[in-house]
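# Inside the fold
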Amino acid sequence: MNANVAVDNTAEVSRWNDTTLPVAARVDALIDAMTLQEKTAQLYGVWVGASDEGGEVAPHQHDMEEAVDLDALLPTGLGQLTRPFGTVPVDPALGALSLARTQRRIAAGNRFGIPALAHDECLAGFAAWSATAYPVPLSWGATFDPDTVERMASHIGRDMRAVGVHQGLAPVLDVVRDARWGRVEETIGEDPYLVGTIGTAYVRGLESAGIVATLKHFVGYSASRAGRNLAPSSVGPRERADVLLPPFEMALREGGARSVMNAYTDTDGIPSAADEDLLTGLLRDTWGFDGTVVADYFAIAFLKTLHGVAADWADAAGLALRAGIDVELPNVKTYGAPLAEAVADGRVPEALVDRAVRRVLTQKARLGLLDPDWAPLPAALEGADLDEPAALRGRIDLDSPENRALARTVAEEAVVLLSNDGTLPLERPRRIALLGPNADEAVAVLGCYSFPQHIGVRHPGTPHGIELPTLRDALAAEFPDAEITVARGTGVDDGDLSGLREAARVAREADIALVVLGDRAGLFGRGTSGEGCDVETLALPGAQQPLLDALLDVETPVVTVLLAGRPYSLGRAVAEAGAIVQSFFPGEEGTHAIAGVLSGRVNPSGRLPVSVPRGPGSQPAGYLGAKLAHAGAVSTIDPTPAFAFGHGLSYTRFDWTDLTVDTREAPTDGEFILSFTVRNTGARSGTEVVQLYLHDPVASVVQPVQRLVGYARVDLAPGEARRLRATVPADLASFTGRDGRRVVEPGELELRLAASSADPRLTARVRLTGPERHLDHTRRLRSVLDQEPAARA
C-alpha cells in the first residue's frame, strides 16, 4: 500500500477497534491504513502544561526547543503528551479535566481516533503540585525493604492513574560509581543487587497500578568520567555486564517494566541513543524486551549537537531509529518532518518507522487507548459537573493521610544512625541548640525531582501544595517542654563565616547541640545536589565544615544531622560528634522521622546504600572493588570509608550465632543452603538488617573483594531470636569471563553473613564442583533468606 495515500475503509477501522482480535492483528490493520506522516506522528511527544482553569493544555516553551503549533500537528495524530502535571502548578482535578479535554481533542483531530499517551515524572512521588513527596531513591536503598518500596510505588501509580497519566519516568537503575555525580540522590545505591531488588519492587508497584514503568538510564550514565553529568563513560564490557546491567535485567524479567529510556552518555565513543547493539541486540534480541524505548529528553538531537555523530536532524533521527529508540521526547524535533523527509528520499527505510510505530501502538492498545469505548475522563472525575470547573478544585487528593503515613514509614526506615557514643536517644533535653543551614528550612527534605524544587522554584508566589514541617517544627512537637534556639551559622553553599561565633555561643548555652547540614536540591547549578550539580570533592558544601568544627570545639555534645543527596566527608565529626544521623532527602514526613530517631520513639534501622568517605578527595570509591581498589601499601591514598556500605546502628543489640551449613559442596548448577540465628539481646524492639556477601578468592578474571548477594530485615522484640535459612544459587557466583561469556567456575567461595560490608559476623566456606558452566540472562538472579517461626529466650 502507498503510505502517502489516505484510506477510508470502515471494515479496516473496525479491525483496530475490535477487542476480540489479537492486539497484533489490530495494530497491523491500523499501520496498513496509515500514511507515513500519521505513523511518524505516533513517534514523538509534545511538552505541555495542564490548565489550572480546566481548559486544554498549552504547549510548554522550553529554551532548548522551538515553539510547537499543536493545531498543525493534530490532524496526523500525536504519540505522547509530555508532563502535563509536571510543568506548571495545577490543581489535580482541574489538571485532570484539562488533560481529558485535550485527549478528546487529540482523538477527534486524527482519522483513527487515537489519543496520546501521557507521561510524567515520578522519581520520588508523582511530580505534580500537591502530590505526596516521598523520600528519594537513595532513601529507598537505605531501607533495604523492597516490600515497603513496592507499596509506595503502587500508591504513586494509583495517584497518577487517577488524573489520566499512563507512563511514569522511573525508576533510575544507575549504580553509583562516583558520588561526586549530581544525580546520586536519584539512584538507589552503589551495589547492583540492592539497586536491582529495590528497583524491581518499585517497578512492580507502579505497574500494578496500571502505570508503564520506565527504566533509566540505559546504560552507563552513572559511570561518567569524574562524576560529571553527560561526560563519556569509560567502563569496559565486564563492568558494564556485571555491575551496570544486572538491575535492568532484574527489573525487566521480574518487574515487568514496559519501557526503557536511553542514557545520555557515550561508552567508548558510541552514544547510547545510537547504540544498536545495546538497544536492539541486547535489550530486544537477547533479553526479549517487547515494550517501548523512549528517548531521554533531547537525546536524539544531542547526537548532532553534543556527540557530533549526526550531520543534521534527519541523520540523528535515522541513527536513533535504527538503534531502537521508538519515541522522541520531550518534543518533536527529529522524528517529525526531518524523519519523514529522510524516509521519502531513501536515507531511512520505512520499515524502521513501521517497527517503532508497531511497538507504540501495541502499547496503546494494551492500555485500552484503541478500544471503541475508550473515554478520556478519569474515574476520579466521573459524575462531576464538568461545566463548573471551579467546583472541581480540591476534588482529587494526591496527598492523602494514607500516602503521608506511608511516606513516614519509608522515611523512618531510611534514617541511618552512623555513630553514637550514647548521646542518643535524647533524654528530655531542656535546652536544644538547633544549628546549621538546614535546621529551619522546609525544602531541605526534598530532592531535585520533587515538584517544589523542580517546578515550584519557577513559581515563587505559589504555595508548595503540601505540608513541609521543618526540623524545628518536628522537634517542637517531639520535645514540647524543650526550649529550642535556632542559629543558622552559615548557608548551604554561600561560604559565609560570619555566623559561626553566634552558633557556637548558642551551642554553649544548650544541653545538646543539633547541627543540621547537607544539601539544597536543584538542577544545573541551582543546588548542591541534583541533575547537573556535580562536585569536585565530597567536602561539605560552602562553609559547613568550618561550622561543624567550630561546634565540635564547644563542650556541649554535638549531634550531626545530614539532610543530603549524597554522602559527604565529615572530618572530625566521625570521631568527635556525640552522634551522626544520616538522612537522604527523606520527603515531606522526613523531619518527623528524624525527630523520632533523636527522641528514641523510632529505633533506627536504615543502612547505608552508599559508603560515607573518610576524606573528601578519594573518589571514585565504594566497597564494590577489587583488592587493588582498596587500601594498600602500593598507594598513599587510602579510600577506606568512614562508614561502609550497609552500615547502620540501632538502639538495641543483636547477636548472630549457630551457623550450620547444610550444603558445603554444590555443583556449578546447584545451590548452597545455610542457617543461623539472630537474637535481640537488648532491652527494646529493633530491626536487624542481615546482609549476605559472596567472596571469590580465586577466579580467572579479577573480582570484587566481595559483593552483596542477599539481605533481609529481621524485626525482633527484646530477647527474641529468629532462625534464618539462606539459599544461595551457584548462579550468583557467575561473572563475565575472559571470552565475554558469563561463567560459573568451580572452586572455593566464602559466604559472609554480615551487618555491613565491613562487619562480617559469620562465614561459611563452601566449594563449587564440576565443570565450568556458561549461562545467560535467564540465570537465577536472587538468593532467598527465609525466617523460621519466632522463638523466645
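What this report covers is the structure whose coordinates are included nearby. The structure presented is a predicted model; accordingly, all values stated were derived computationally and were not measured. Each residue is numbered by its place in its chain's sequence as written, counting from 1. Restriction of local features to residues with pLDDT of at least 70 applies here, the model being predicted, together with a cutoff of 80 or more for giving and counting side-chain atom pairs; totals for whole chains, interfaces and linings are based on all residues. Side-chain descriptors were evaluated using all non-hydrogen atoms of the structure, hydrogens and water having been removed beforehand.

## Observations regarding the packing of aromatic side chains
For clarity, the cut-off: When two rings of Phe, Tyr or Trp (its six-membered ring) have centres within 6.5 Å they constitute a pair, described as stacked for plane angles under 30 degrees, edge-to-face for angles over 60, and tilted for the intermediate range. Secondary structure elements are defined from DSSP: runs of H or I of at least 4 residues count as helices, runs of E of at least 2 residues count as strands, and each element is numbered from the N terminus. In this scheme, a residue with accessible area under 20% of its type's maximum is buried, one over 50% is exposed, and one in between is partly exposed, where area comes from a 1.4 Å probe on protein chains only.
Inspection of the entire model under this criterion finds 17 aromatic pairs. Note on Tyr-193 and Tyr-711: the rings are 6.1 Å apart at their centroids and 90 degrees apart in plane angle, and the pair reads as edge-to-face. One end of the pair, Tyr-193, is in helix α8 (residues 192-208); the other, Tyr-711, is in strand β21 (residues 707-716), with 518 residues separating them in the sequence. Tyr-193 sits in the buried class, given a relative accessible area of 10%. Each ring, one from Tyr-221 and one from Tyr-264, has its centre 5.8 Å from the other, and the planes form 85 degrees; the classification is edge-to-face. Of the two residues, Tyr-221 is situated in the loop between β6 (212-218) and α9 (237-244) and Tyr-264 in the loop between β7 (259-262) and β8 (266-267); the sequence distance between them amounts to 43 residues. Summarising the burial analysis for this pair, Tyr-221 and Tyr-264 share the class buried.

## Quick look at the pattern of salt bridges
Selection criterion: Note on definitions: salt bridges are taken to be side-chain nitrogens of Lys or Arg within 4 Å of carboxyl oxygens of Asp or Glu.
As enumerated under the stated definition, the model contains 49 salt bridges in all. As a salt-bridge pair, Arg-347 and Asp-345 come within 3.1 Å of each other at their nearest N and O atoms. Notably, a salt bridge pairs Asp-759 with Arg-761, separated by 2.9 Å at the nearest N-O pair. Relative accessible area serves as the criterion here: at 29%, Asp-759 is assigned to the partly exposed category.

## Section: the packing of helix α7 (residues 146-162) against α8
Cut-off, in case you're wondering: Orientation is described by axes fitted as lines to C-alpha atoms, over the contacting stretch for helices, and by angles from 0 to 180 degrees between their N-to-C directions. In this scheme the handedness of a crossing depends on how the near helix is turned from the far one: anticlockwise by less than a right angle means left-handed, clockwise means right-handed. We call two residues in contact when some of their heavy atoms are within 4.5 Å.
Remark: α7 packs on α8, axes separated minimally by 7 Å, with the N-to-C direction vectors making an angle of 35 degrees. Judged by the sense of rotation from one axis to the other, the crossing of α7 with α8 is right-handed. Across from Pro-146, Val-149, Glu-150, Met-152, Ala-153, Ser-154, Ile-156, Gly-157 and Met-160 in α7, the residues of α8 making contact are Thr-197, Ile-198, Ala-201, Tyr-202, Arg-204, Gly-205, Leu-206 and Ser-208.

## So, the sheet that holds strand β3 (residues 80-82)
Sheets are built from strands that pair by backbone hydrogen bonding, the pairs being arranged parallel or antiparallel. Rules: Between any two strands, pairing holds if DSSP finds at least two bridges.
Here eight strands make up an open sheet; going across it, the order is β2-β1-β3-β4-β5-β6-β7-β10 and the pairing mixed. Of all strands in the sheet, those with a lone pairing partner are β2 (58-59) and β10 (292-294), marking the two edges. As paired strands, strand β4 (residues 117-120) and strand β5 (residues 167-168) are joined by two bridges and run parallel to one another. Counted as the bridge partner of His-119 is Gln-167 from β5.

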